[in-house]
Amino acid sequence: MGDAALVAALRCEDEGALRELYLRYRPMLLVVAARCGVAQGEREALVEDCLTDIAIHFITVAAAPPRSLAAYLARSLRNRVLNAERARQRAAAAEGADTAAGPSEGQLAGSSEHARRASGNLEAAPLSPALQRLAAALVSGLGEDDRLLAVWMSHCAPTRDIAVWLGIAHKAAQKRIERLRERLQGAALRYVESVGGEERRELLTFLGRATLAPGPAARLAGVRDAAKETA
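Only a predicted model underlies this, so the values are computations on that prediction, with no experimental measurement involved.

Participant: Account for the overall build of the chain, naming residues and giving values.
Facilitator: For the chain, the helix and strand inventory stands at 11 helices and zero strands. For the chain, the N- to C-terminal ordering of α and β elements is α-α-α-α-α-α-α-α-α-α-α. Classification of the 231 residues of the chain by burial places 31% in the buried group. Contacts spanning at least 24 positions in sequence make up 65% of the contacts within the chain whose residues lie at least 6 apart.

Participant: Before we move on, can you summarise unusual backbone geometry with the specific residues and values?
Facilitator: At Glu13, a position not held by glycine, the phi torsion is positive, near 55°. In this fold, Glu13 is placed in the loop between helix H1 (3–11) and helix H2 (15–35).

Participant: Run through the nonpolar core, naming residues and quoting values.
Facilitator: Leu21, Tyr25, Leu51, Leu69, Leu73, Leu77 and Trp152 are the most contacted members of the largest nonpolar core, which has 39 residues in total. Of all the secondary-structure elements, those providing two or more residues to this core are H1, H2, helix H3 (40–60), helix H4 (69–98), helix H7 (144–154), helix H8 (159–166) and helix H9 (170–194). Broken down by element, this core gets its largest block of residues, nine residues, from H2. Once residues within four sequence positions are removed from consideration, Leu73 is found in contact with Leu21, Tyr25, Met28, Leu29, Cys50, Leu51 and Ile54. Ranked by size, the runner-up nonpolar core spans 10 residues in total, among them Leu134, Val195, Leu204 and Leu207.

Participant: Hey, could you go over the side chain of Asp146 for me, with residue numbers and the actual values?
Facilitator: Inspection of the secondary structure puts Asp146 in helix H7. Overall, the relative accessible area of 15% leaves Asp146 in the buried class. In terms of polar contacts, Asp146 uses its side chain to reach the side chain of Arg183, at 2.7 Å. Those residues within four positions of Asp146 in sequence are excluded, and the remaining contacts are Arg176, Leu180 and Arg183.

Participant: Describe the pattern of salt bridges, and please don't skip the residues or the numbers.
Facilitator: Inspection of every chain in the model, using the stated rule, returns nine salt bridges. A salt bridge links Glu20 to Arg24; its shortest N-O distance comes to 2.3 Å. Highlighted residues: Glu20 and Arg24, both in helix H2, separated by four residues, approximately one helical turn. By relative accessible area, which is 7% here, Arg24 ends up buried. Salt bridges sharing common partners tie together Asp3, Glu20 and Arg24.

Participant: So what's going on with H9? Residues and values would help.
Facilitator: Here H9 is 25 residues long and its end C-alpha atoms lie 36 Å apart, about the 36 Å a rise of 1.5 Å per residue gives. Buried within H9 are the following residues: Ala173, Ile177, Leu180, Leu184, Ala188, Leu189, Tyr191 and Val192.

Participant: Could you give an account of H2, naming the residues involved and the relevant values?
Facilitator: Helix length check: H2, at 21 residues, gives a terminal C-alpha distance of 30 Å against a target of 30 Å (1.5 Å per residue), a fit within 8%. Along its length, H2 reaches its greatest deviation from straightness, about 45°, at Tyr25, and the proline Pro27 lies no more than four positions downstream. For H2, the capping residue at the N-terminal end is Asp14, with a side-chain oxygen 2.7 Å from the backbone nitrogen of Gly16. Positive phi appears at Gly37, one or two residues downstream of H2, with a value of about 85°.

Participant: Residue-level account of the environment of Glu20, with values.
Facilitator: Residue classification places Glu20 among the partly exposed positions, given a relative accessible area of 22%. Sequence separation between Glu20 and Leu10 is 10 residues, and the spatial gap between their C-alpha atoms is 9.9 Å. Here Arg24 takes part through its side chain, which lies 2.3 Å from a polar atom of the side chain of Glu20.

Cut-off values and rules
- Residues numbered from 1 in each chain as written.
- Predicted model: local features only at pLDDT ≥ 70, side-chain atom pairs only at ≥ 80, totals over all residues.
- Heavy atoms only, no water.
- Helix = DSSP H or I, 4+ residues; strand = E, 2+ residues; numbered from the N terminus.
- Buried < 20%, exposed > 50% of the residue type's maximum accessible area, 1.4 Å probe, protein only.
- Contact = heavy atoms within 4.5 Å.
- Core = buried A, V, L, I, M, F, W, Y, C linked by side-chain atoms within 4.5 Å.
- Polar contact = N/O pair within 3.5 Å; in protein donor to acceptor, adjacent residues only side chain to side chain.
- Salt bridge = Lys/Arg side-chain N within 4 Å of Asp/Glu carboxyl O.
- Expected span 1.5 Å × (residues − 1).
- Bend = angle between axes of the 7 residues up to and from the residue.

Structure representation (structure tokens):
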């Protein structure tokens, strides 16, 4: 079923649709939970609770289904993790305020550092200006369908599911994903070629760690750039 059909079946309290919701999105949400810094022993329960609440929401609320169910679920899980961490921090702050003997400076510093690390696990660090410009350049070259496909890819949606959602064969979906990756990689490398100096070095370092690795062309560009500066 596509997203709209799946939501419609959930609203009819179809047990098969509920089972498909869990089977289709549980693996993806486990990956999202890991990226949010959730402890391995807590991920299963968190994902189960998130999927259950979303299913109940679709059954009880008559709203238009989201354009991308994968993106909607991933965002819901991230918000759940972030809200839980904020609630823990507020509870800790309230408990500290009620304590007659205040904590030592060392305890405060440790608590502050813990909160900083926790929030760092939950929220992505802001992009540098160089990466913001690269992202804008990549997005500007994508149509709406390709942007949606990129969202599914980024949330580890299975290729077979993507094929069903697009209404095409599995091999055709694989080809489409491969072509989009190649286009994004090529666009990123062309953009890197258009900048120089420290910005180019930062982008090459980033692309070297990214899923869309720069490969030999980017490494060659970095070597050529360094050679020009040496000369």
